[in-house]
Amino acid sequence: MRKTLPVISTGPAAGATSGGCSAPAETPARSGIPLWRKRKLRIALVRHHDLCLNTRQIARVQKRAGVLPHLGLGYIHTALKSAGFHHVIQVDTPALGLDSEGLRKLLADFEPDLVGVSTTTPGLPGAIEACEAAKSTGAKVILGGPHTEVYAHENLVHESIDYVGVGEGVTIMPELAEAMERGEEPEGIRGLVTRKHDGGAAPMVNLEEVGWPERAGLPMDRYYSIMAPRPFATMISSRGCPFKCSFCFKQAVDKKSMYRSPEDVVGEMTELKERWGVKEIMFYDDVFTLHRGRVREICGLIGETGLKVRWEAPTRVDLVPEPLLEAMAGAGCVRLRFGIEHGDSEILERMRKESDIQKIEKAVTSAHEAGIKGFGYFIVGWLGETREQFRRTVDLACRLPLDYASFYTATPLPGTPLHTESVAAGQIPPDYWDRFVRGEFDARIGYLVPDAQERAQWAYRSFFMRRSMVKPLLSHMAVTGQWRNTLDGLHSLYRSTSNTDRDF
């Protein structure tokens, strides 16, 4: 649930409630300016560096995992164009290799009127750097992204932030831009939080109505994944997840599901293949196979159109029946990313995964037999995790027919049940994230077991340094062309784990 503090007010606000927060006003009607007219407002959409002290991944591994496009900003760009705003750029500093000073110079040259910055809570320090760079150009600055669902008003302690967007940026940004163009105060916009007003959260919209994310102008040749041949791209075919895993942060827009039609999904896949020469597509749905009938239709349509492109997707072990796996493999699916999470039944139950070891083994084995490679996500260092429970996770990862695995350290993100449980257990300060958001903490949130980082390193070493992994890794490098990144990653992994205590 979003934290709600009293609105910071510089004067009496119209319609203010007794609690100090102004009630969300009705969204004002659009001004009637024809959408074909090119509006003059200049808008920049920014994603700054993601690496941060609260990453759940080993830093050496994360640095070589790749740079993926930011689909959220692409959709906002499309929505702004549809509203008549054509002086819009996306600035992806990880892809462009820009530091904060490089970002400031780029924005100064562009001279934006409005800058939108997207962030997660762990990545907030980098986002604040971007906001400060944007503010130095004289632009109005709005912060959005998953982070603002829990922390909205707290961000306004930073002078570089004028507005906070909560919920759907594809509706918030065009309405804010229109208000700025009219010279009006944007207090009536749903989902917009200011120092005088709380607009609640903008509800989920159907992305099919927005249109495909804008990719023109992005450094498409700079994006890569260590898992895929280049060029590659990302997509979203559905949104929302009904499951309640205790470690997962959910936004308000995640509380219901939205599905794009098979025709729209395959249409975008075709455009990526024909316009951008994409060889592999990474779906970034919450759970790709949640609506299995729709997935079968997508696979059928891929076959009917003769589209030849590799693709991968995330799923759960209880949502991949064998007939569906066969259809997906026949339609070009080369990899499924399974949220396995742990090898101990007790911890799986505490994670609220609604799965068990038997389901995990069956799903991964069935995918392997269908010709689909398996990627397993695991979390180590769970609250109260014993070394024996940790070893069960590593043993499970090594005995499953997985080609890839990722081992994250348990991180109690704000608003999650894991956070509540960790505070109750006295493992983390109750106000850590509040103070982190305000810029008062420069240290990582505490691990839930003392040697969590060493456990993650040992798990990586145990999984990838096996003799049985030589053939899959060589095959992976040959198919994807990711020789240098993979070898660098393995070398870095070896260096980071060579002195790890092996007595687990």
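Residues numbered from 1 in each chain as written. Predicted model: local features only at pLDDT ≥ 70, side-chain atom pairs only at ≥ 80, totals over all residues. Heavy atoms only, no water.

If you check an unreviewed UniProt entry, the chain appears there as B12-binding domain-containing radical SAM protein from Streptomyces viridosporus T7A. The Cofactor (unreviewed entry) comment attached to the chain in UniProt states, word for word, "[4Fe-4S] cluster". (UniProt positions renumbered as here; feature names shortened; annotations may be inferred.)

1. Focus: the overall build of the chain
The number of helices and strands found in the chain is 18 helices and 16 strands. Per-residue burial for the chain yields a buried fraction of 55% across its 504 residues. Considering only intrachain contacts with a sequence separation of at least 6, the fraction spanning at least 24 residues in the chain is 78%. Of the roughly 21,300 Å² that the chain leaves accessible, carbon and sulfur atoms contribute 52%. (Helix = DSSP H or I, 4+ residues; strand = E, 2+ residues; numbered from the N terminus. Buried < 20%, exposed > 50% of the residue type's maximum accessible area, 1.4 Å probe, protein only. Contact = heavy atoms within 4.5 Å. Areas by Shrake-Rupley, 256 points an atom, 1.4 Å probe, with all protein chains shown as cover.)

2. Focus on the sheet that holds strand β16 (residues 404-409)
With parallel pairing, 6 strands are arranged side by side in an open sheet as β9-β12-β13-β14-β15-β16. In this open sheet, the two strands that pair with only one neighbour each are β9 (232-235) and β16. The sheet shows a mean angle of 20° between the axes of neighbouring strands, direction not considered. By the bridge criterion, 4 bridges tie β9 to strand β12 (residues 280-283) in an arrangement that is parallel. Looking at β12, one finds that Thr 234 is bridged to Met 282. Helix α16 (residues 452-464) rests against β15 (373-380) and β16 of the sheet, and its axis sits at about 175° to β16. (Pairing = 2+ DSSP bridges. Axes fitted to C-alpha atoms, helices over the stretch in contact; angles between N-to-C directions.)

3. Quick word on the pattern of salt bridges
Tallied over the full model, the rule gives 27 salt bridges. A salt bridge links Asp 344 to Arg 392; its shortest N-O distance comes to 2.4 Å. With Asp 344 in the loop between β14 (333-341) and α11 (345-350) and Arg 392 in helix α13 (residues 387-399), the pair connects residues that are 48 residues apart, well separated along the chain. Among the salt bridges present, the one from Lys 373 reaches Asp 403, with a minimum N-O distance of 3.9 Å. Here the residue Lys 373 occupies a position in strand β15, and Asp 403 occupies one in the loop between α13 and β16, the gap between them amounting to 30 residues. In the salt-bridge network here, residues are joined through shared partners; they are Glu 280, Arg 310, Glu 312, Arg 335 and Arg 337. (Salt bridge = Lys/Arg side-chain N within 4 Å of Asp/Glu carboxyl O.)

4. With respect to the packing of aromatic side chains
Per the counting criterion, the structure on display carries 16 aromatic pairs. For the pair Phe 407 and Tyr 460, a centre-to-centre distance of 5.3 Å together with 80° between the ring planes defines the contact as edge-to-face. Of this pair, Phe 407 sits in strand β16 while Tyr 460 sits in helix α16; the two residues are 53 residues apart in sequence, bridging distant segments of the chain. Each member of the pair, Phe 407 as well as Tyr 460, is classed as buried. Three or more aromatic residues joined by ring pairs form one cluster here, namely Phe 378, Phe 407, Tyr 460, Phe 463 and Phe 464. The ring centre of Phe 243 lies 3.6 Å from the NZ or CZ of Arg 316, which sits over that ring. (Phe/Tyr/Trp six-rings, centres within 6.5 Å; stacked < 30°, edge-to-face > 60°. Lys NZ or Arg CZ within 6 Å of the ring centre and 35° of its normal.)

5. A word on the pairing of strand β4 (residues 114-118)
For β4, the tally of buried residues reaches 5 of 5 residues, placing the bulk of the element in the interior. Residues Leu 114, Gly 116 and Ser 118 of β4 are buried on one face, and the alternating residues Val 115 and Val 117, pointing to the opposite face, are buried as well. Summarising the sheet, strand β1 (residues 43-47) and β4 pair through 4 bridges and their orientation is parallel. Its bridge partner being in β4, Ile 43 is matched across the sheet by Leu 114. Alignment of β4 against strand β5 (residues 140-144), held across 5 bridges, turns out to be parallel. By the bridge assignment, Val 115 is partnered in β5 with Val 141. In this view, the connection linking β4 to its parallel neighbour β5 by way of helix α5 (residues 124-135) has right-handed handedness. (Right-handed = clockwise from strand over helix to strand, strands pointing away.)

6. A look at the sheet that holds β5
Read across the open sheet, the 6 strands follow the order β3-β1-β4-β5-β6-β7; overall the sheet is mixed. Each edge of the sheet is formed by a strand with only one pairing partner; in this case those strands are β3 (88-92) and β7 (192-193).

7. Quick notes on the state of the cysteines
Summed over all chains, the structure comprises 0 disulfides. Of the cysteine sulfurs around Cys 245, a residue in no disulfide, the closest is that of Cys 248, at 6.4 Å. Of all cysteine sulfurs in the structure, the one in Cys 299 sits closest to Cys 333, which takes part in no disulfide; the separation is 7.7 Å. (Disulfide = S-S within 2.5 Å.)

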